[in-house]
Amino acid sequence: MKETLDAPSVKAWDVQKIREDFPSLHQQVHGRPLVYLDNAATTQKPRRVIDALRHYYEHDNANVHRGLHALAERATAGFEAAREKVAALIHAPSSHELIFTRGTSESLNLLAYAYGSSFLTSGDEVILTEMEHHSNIVPWFLMRDMLGIRVRFWEMEEGGVLDLNRLNDLITPRTRLISMTHMSNVLGTRNPVEQVCALARDKNIRVIVDGAQSVPSMPVDVGALGCDFLAFSAHKMGGPTGMGALWGREEILKEMRPFMGGGEMIAHVSKEGATWAGLPHKFEAGTPHIAGAIGWGAAVDYIETIGMEAIHAYEQALTAYLLQQMSALEDVTLFGPTENRGPAVSFKLRGVHPFDLTQFLDQLGVAIRVGHHCAEPLMHRLGESATARASLYYYNTREEVDIFVDALRRARDFF
Ligand code: C6P
């Protein structure tokens, strides 16, 4: 069946055809067809990615940048081609600025340590928003303990949005960094990163963007955002787990101390000391996740065949439909804004504990997430210990939204 959703750049979106490319979507869970709505946690993988992983291990498996034999050359070529693809996806000026990591968490830890130990001193201030994932809070606490920096929080408004006036009030002559999520994994809020970058640039403050939720769902152009760093993960966009990247401006990366020492990140080592390799290798110690990079490249290729604009438009339309259907339900409280938002929707159902709800839905084949979503300060602000969260990706359908909403009705009647 062909499903079309009215969306600006999507004329005829054949979601069923897209779904055919995702083997794991076609399974029964507890005797029901799987409805996978936990995409903000991780997405399912298209066959193209699975094939790329298999092909690498079956044909090209070798270490990169080290060997002169055919397999090593093929592995290196595949690994570096993936870097080019991922860099192009975010419109990085150069693929040298794209450092492969294990994911957004490692990217932000790398940055906090390497930037912090290179440029921050006691009393310097870092501003985070109240809606950050722990990956963008805890590394700064670690640096606070190590360097004596101050970590300050930009509080959000009712409705889960940020007000730039509040940021202005927080900035002091000691503010050095603003590190913020582009899109909240809990509220779905799309934050005004462009405006923050413009404001920060005037004051010589660096901006770090956590793109874990935005890069998979919308066109992201680091030049247009005006940020200094962008962290994101492969597994939230159809790529393998344990793979991610940090993009940074070359001139800053060059001045930053390395994060980890080891093979590949050096120019020379003697008994007296070491000198560093050029970018991006200075930040890539040890044997990398070669298959992960190659698989990620395949995920980017797959996205390109559909088009990020089209993906974004479809997801926006499907999210609007989800919000509309959920709002029509009595007893459902939605968290986060209704507009200018991404496809992660947190909610609670009156009288039903979110953990019980999630287990109930699982019995009906519907996968959602429950918990604090690694954002405890935000939960505290919401006055909740946990929420349920449904999150969409471009392979989800209106029928799946209907099944989910019907399951919520059944849960309300059951409990
Ligand atoms: N959020 C979620 O269910 P990693 O795990 O390193 O790939 O990404 C961490 C991360 C950082 N920032 C944001 C905004 C995120 O959403 C995540 C991952 C998952 O919401 C797992 S907690």
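Residues numbered from 1 in each chain as written. Predicted model: local features only at pLDDT ≥ 70, side-chain atom pairs only at ≥ 80, totals over all residues. Heavy atoms only, no water.

1. A few points about the layout of surface pockets
Here is step 1: Its volume calculated, the largest pocket comes out at about 410 Å³.
Here is step 2: For the largest pocket, the lining is made up of 25 residues, of which T104, S105, H133, S135 and K236 are closest to its centre.
Here is step 3: Broken down by element, the residue count for the lining of the largest pocket peaks at three residues, all from helix α4 (residues 104-119).
Here is step 4: In the lining of the largest pocket, the residues fall into seven nonpolar, eleven polar and seven charged.
Here is step 5: Of the residues that make up the lining of the largest pocket, three or more belong to each of domain 1 (8-33 + 308-414) and domain 2 (50-304).
Here is step 6: By volume, the second largest pocket amounts to about 230 Å³.
Here is step 7: F100, T101, E106, A285 and P288 are the residues nearest the centre of the second largest pocket, which is lined by 17 residues in total.
Here is step 8: Looking at the lining of the second largest pocket residue by residue, the class counts come to nine nonpolar, five polar and three charged. (1 Å grid on protein atoms, 1.4 Å probe; cavity = no way out; pocket = protein on both sides within 12 Å on 5 of 7 lines; lining within 4 Å. Points joined across faces, edges and corners; volume = space filled by probe spheres on them. Helix = DSSP H or I, 4+ residues; strand = E, 2+ residues; numbered from the N terminus. Nonpolar A, V, L, I, M, F, W, Y, C, P; charged D, E, K, R; others polar. Domains from an automatic or database assignment.)

2. Points about the packing of aromatic side chains
Here is step 1: All told, the structure shown has 19 aromatic pairs when counted by the stated rule.
Here is step 2: Put simply, the rings of F22, Y302, Y393, Y394 and Y395 touch in pairs and so form one group of aromatic residues.
Here is step 3: Across from the ring centre of Y321, 4.1 Å away, lies the NZ or CZ of R398, which sits over that ring. (Phe/Tyr/Trp six-rings, centres within 6.5 Å; stacked < 30°, edge-to-face > 60°. Lys NZ or Arg CZ within 6 Å of the ring centre and 35° of its normal.)

3. Details of the domain arrangement of the protein
Here is step 1: Along its sequence, the protein is organised into domain 1 (8-33 + 308-414) and domain 2 (50-304).
Here is step 2: One C-alpha centre belongs to domain 1, the other to domain 2; they are set 28 Å apart.
Here is step 3: If you look at the interface, domain 1 gives 32 residues, while domain 2 gives 31 residues.
Here is step 4: Interface area for domain 1 against domain 2, summed over the two sides, is near 2600 Å², with a carbon-plus-sulfur share of 58%.
Here is step 5: Of all residues in domain 1, the largest losses of buried area upon contact with domain 2 belong to M308, L378 and R381, amounting jointly to 27% of the total for that side.
Here is step 6: Counting every contact that joins domain 1 to domain 2 gives two salt bridges.
Here is step 7: In this structure, E158 engages R381 in a salt bridge whose closest nitrogen and oxygen atoms are separated by 3.5 Å.
Here is step 8: Counting only elements with at least two residues in the side of domain 1 that touches domain 2, the list comes to α11 (308-327), β14 (344-349) and α13 (376-382). (Contact = heavy atoms within 4.5 Å. Buried area = accessible area lost by both parts, 1.4 Å probe. Salt bridge = Lys/Arg side-chain N within 4 Å of Asp/Glu carboxyl O.)

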